[in-house]
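Coordinates in review
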Amino acid sequence: MLVAGCGSSGSASSAASSSGPVHLTYWAWAPGLDQVVSLWNKSHPNIQVTVEKQAQGDDLLTKVITASKAGSAPDLVQAEYQALPTLVSNNVLADISAQDGSAASTFASGIWKQVTLGTNAVYAIPQDSGPLMFYYRTDLFKKYGLTVPTTWDQFKADAEKLRAEDSSKYLTTFSANDAGLFAGLAQQAGAQWWTTSGSSWKVSLDDAATQKVASFWGGLVKEGAIDNQPMYTPAWSKALDDGTQIAWVSAVWAPGVLSSSAPSGKGKWAMAPLPQWTAGQNVTGSWGGSSTAVSADSKNKAAAAQFALWLNTDPQAVAALVKDSYVYPAATDAQTGGALATAPDYLSNQPDFYTQAAKIAATTAPAAWGPNVNTAYSAFKDAFGKAAQNRTDFLTALNTVQQTTLADMKTQGFTVSG
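Residues numbered from 1 in each chain as written. Predicted model: local features only at pLDDT ≥ 70, side-chain atom pairs only at ≥ 80, totals over all residues. Heavy atoms only, no water.

For the protein, the name recorded in an unreviewed UniProt entry is Sugar ABC transporter substrate-binding protein, with Streptacidiphilus pinicola as its organism.

Size of an interface: often given as the accessible area lost when the parts come together. For the protein, the assigned domains read domain 1 (22-129 + 288-340) and domain 2 (132-286 + 366-412). One C-alpha centre belongs to domain 1, the other to domain 2; they are set 28 Å apart. Taken residue by residue, the interface counts twelve residues in domain 1 and twelve residues in domain 2. Roughly 1,000 Å² of surface becomes buried between domain 1 and domain 2 when both sides are summed, with 59% attributable to carbon and sulfur atoms. Together, Gln 82, Pro 85 and Gln 114 form the three largest contributors to the area buried by domain 1 at its contact with domain 2, with a combined 41%. In this assembly, domain 1 and domain 2 are joined by zero salt bridges. On the surface where domain 1 and domain 2 come into contact, there are three residue pairs in polar contact (both at pLDDT 80 or more). Secondary structure elements with two or more residues in the side of domain 1 that touches domain 2: helix 4 (84-89) and helix 5 (109-116). (Domains from an automatic or database assignment. Contact = heavy atoms within 4.5 Å. Buried area = accessible area lost by both parts, 1.4 Å probe. Salt bridge = Lys/Arg side-chain N within 4 Å of Asp/Glu carboxyl O. Polar contact = N/O pair within 3.5 Å; in protein donor to acceptor, adjacent residues only side chain to side chain. Helix = DSSP H or I, 4+ residues; strand = E, 2+ residues; numbered from the N terminus.)

Tallied over the full model, the rule gives 36 aromatic pairs. Where Tyr 328 meets Tyr 354, the ring centres are 6.4 Å apart and the plane angle is 15 degrees; that geometry is what we call stacked. Of the two residues, Tyr 328 sits in the loop between helix 13 (315-325) and helix 14 (353-361) while Tyr 354 sits in helix 14, which places them 26 residues apart along the sequence. Given a relative accessible area of 7%, Tyr 328 falls into the buried group. (Phe/Tyr/Trp six-rings, centres within 6.5 Å; stacked < 30°, edge-to-face > 60°. Buried < 20%, exposed > 50% of the residue type's maximum accessible area, 1.4 Å probe, protein only.)

At a minimum axis separation of 9 Å, helix 8 (residues 179-189) and helix 15 (residues 373-390) run at an interaxial angle of 100 degrees. Taken together, the axes of helix 8 and helix 15 are roughly perpendicular relative to one another. In this structure, helix 8 contributes Ala 179, Gly 180, Phe 182 and Ala 183 to the contact, and helix 15 contributes Tyr 377, Phe 380 and Phe 384. Per-class residue counts for the contact of helix 8 with helix 15 are six nonpolar, one polar and no charged. (Axes fitted to C-alpha atoms, helices over the stretch in contact; angles between N-to-C directions. Parallel < 35°, antiparallel > 145°, perpendicular 65-115°, else oblique. Nonpolar A, V, L, I, M, F, W, Y, C, P; charged D, E, K, R; others polar.)

This part is about unusual backbone geometry. Even without being glycine, Leu 117 reaches a positive phi, approximately 55 degrees. The phi dihedral of Arg 391 falls on the positive side, at around 55 degrees, and the residue is not glycine. The topology assignment puts Arg 391 in the loop between helix 15 and helix 16 (394-412). Classification of Arg 391 by relative accessible area gives partly exposed; the value is 28%.

Another aspect to go through is the environment of Glu 52. Within the secondary structure layout, Glu 52 lies in strand 2 (residues 47-53). Relative accessible area serves as the criterion here: at 34%, Glu 52 is assigned to the partly exposed category. Spatially, the C-alpha atom of Glu 52 lies 5.0 Å from that of Trp 27, the residues being 25 residues apart in sequence. When neighbours within four sequence positions are excluded, Glu 52 is seen to be in contact with Thr 25, Tyr 26, Trp 27 and Ala 28.

Take helix 8 next. Counting buried positions along helix 8 gives eleven out of eleven residues, so the element sits mostly inside the fold. Those residues of helix 8 that sit buried are Ala 179, Gly 180, Leu 181, Phe 182, Ala 183, Gly 184, Leu 185, Ala 186, Gln 187, Gln 188 and Ala 189. Here the buried face of helix 8 lies against strand 4 (125-137), helix 7 (152-165), helix 9 (208-223), strand 7 (247-251), strand 9 (286-294) and helix 15. Between the side-chain oxygen of the N-cap and the backbone nitrogen of Gly 180 there are 2.9 Å, and the N-cap of helix 8 in question is Asp 178.

This brings us to the nonpolar core. In this structure, Phe 174, Trp 193, Trp 194, Trp 217 and Phe 384 are the most contacted members of the largest nonpolar core, which totals 148 residues. Looking at which element gives the most residues to this core, the answer is helix 15, with nine residues. Both domains that meet at this core, namely domain 1 (22-129 + 288-340) and domain 2 (132-286 + 366-412), each give it at least three residues. The contact partners of Phe 384, leaving out residues within four places of it in the chain, are Phe 174, Ala 176, Phe 182, Ala 214, Ala 379, Phe 394, Ala 397, Leu 398 and Val 401. (Core = buried A, V, L, I, M, F, W, Y, C linked by side-chain atoms within 4.5 Å.)

Right, let's get into the environment of Val 203. As for its position among the elements, Val 203 is in strand 6 (residues 200-203). Once the C-alpha coordinates of Val 203 and Met 271 are considered, the two residues, 68 residues apart in sequence, prove to be 34 Å apart. With sequence-adjacent residues up to four places away left out, Val 203 is seen in contact with Trp 193, Trp 194, Gln 402, Thr 405, Leu 406, Met 409, Val 416, Ser 417 and Gly 418.

The structure is reproduced here in structure tokens:
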């Protein structure tokens, strides 16, 4: 079930020398990749890479699968971590474990597991990651006598205390319009949404860890301790900007969003580690992130794997990714220093931002993705969206997501239990 295309039979250098330069096509969406790839092309005349800009998300996923079925997939593709099982189950990706060298040691173990799917195969090289963190208004926390929460119990106490002090304000909101945040929170709690045993899948989107997360946030919404409005709307931006909402559970890339959504808060926000379920624990989840994968259709898999490794592990390449593509690199050595030596301008009041972010990123828990994440995310947006707006039971919504995802996998012909 998890078998993809086999590795290349020859080395990258021999393939190039026997018939001239190797030409590779790379489908990707990250900005500025042309500039990064130009560094490779200048120093590797025998292996030339062309970036073809693509849409992100389901559009690219569908396009790659369609191209693969026609035998015309690109050599390389930028793939979000949650999309890898879908690509693998459709025989789109090559196993590059023979070419990955010692790459595993370059990345946090939780990130590396996402490109191996828990097997001995390697289906991609991690490119960027989005470790979850807690962002808060320092001035307003001080004004209302709130503690920066180190546990979710303290988070709940902060939310309730703030509402009691000032009914016009909320600690944060629960939003269902981006399932990635909820997935990261469940990941932190130990969720294993999709697992395999032989040729069978087990679907557990309603496992005990996820039920704990759903009950926690659903309880806060039901009692009115936090808001129930979606993120990324003009109203949400205004609430962040004027201090109606004074905290946000988000990822390492949050300062960029805050700078545009809450410009008047520059220098007033700070970042802290994600609250923990048990005091003294040290684990986070991830929201977003992508990898560089080699397609099973590539006639030059070894050369493609060599480029994927360079792009995401070579110090010059990763520095260029940070500078030109605005990514937070998955490679641990690149998460401080260089372009990340200085805190984001929005959080210039926290000069050690990236030093702290790197420590948090190292604690990223592994995620367990499956072949129909898009179905699960769509079901989440619908069921949890309604539950949040109506302040109704989140566990009922979670059961709906589980049953919808399970039924879809059965319809697709997977051997599945749940």
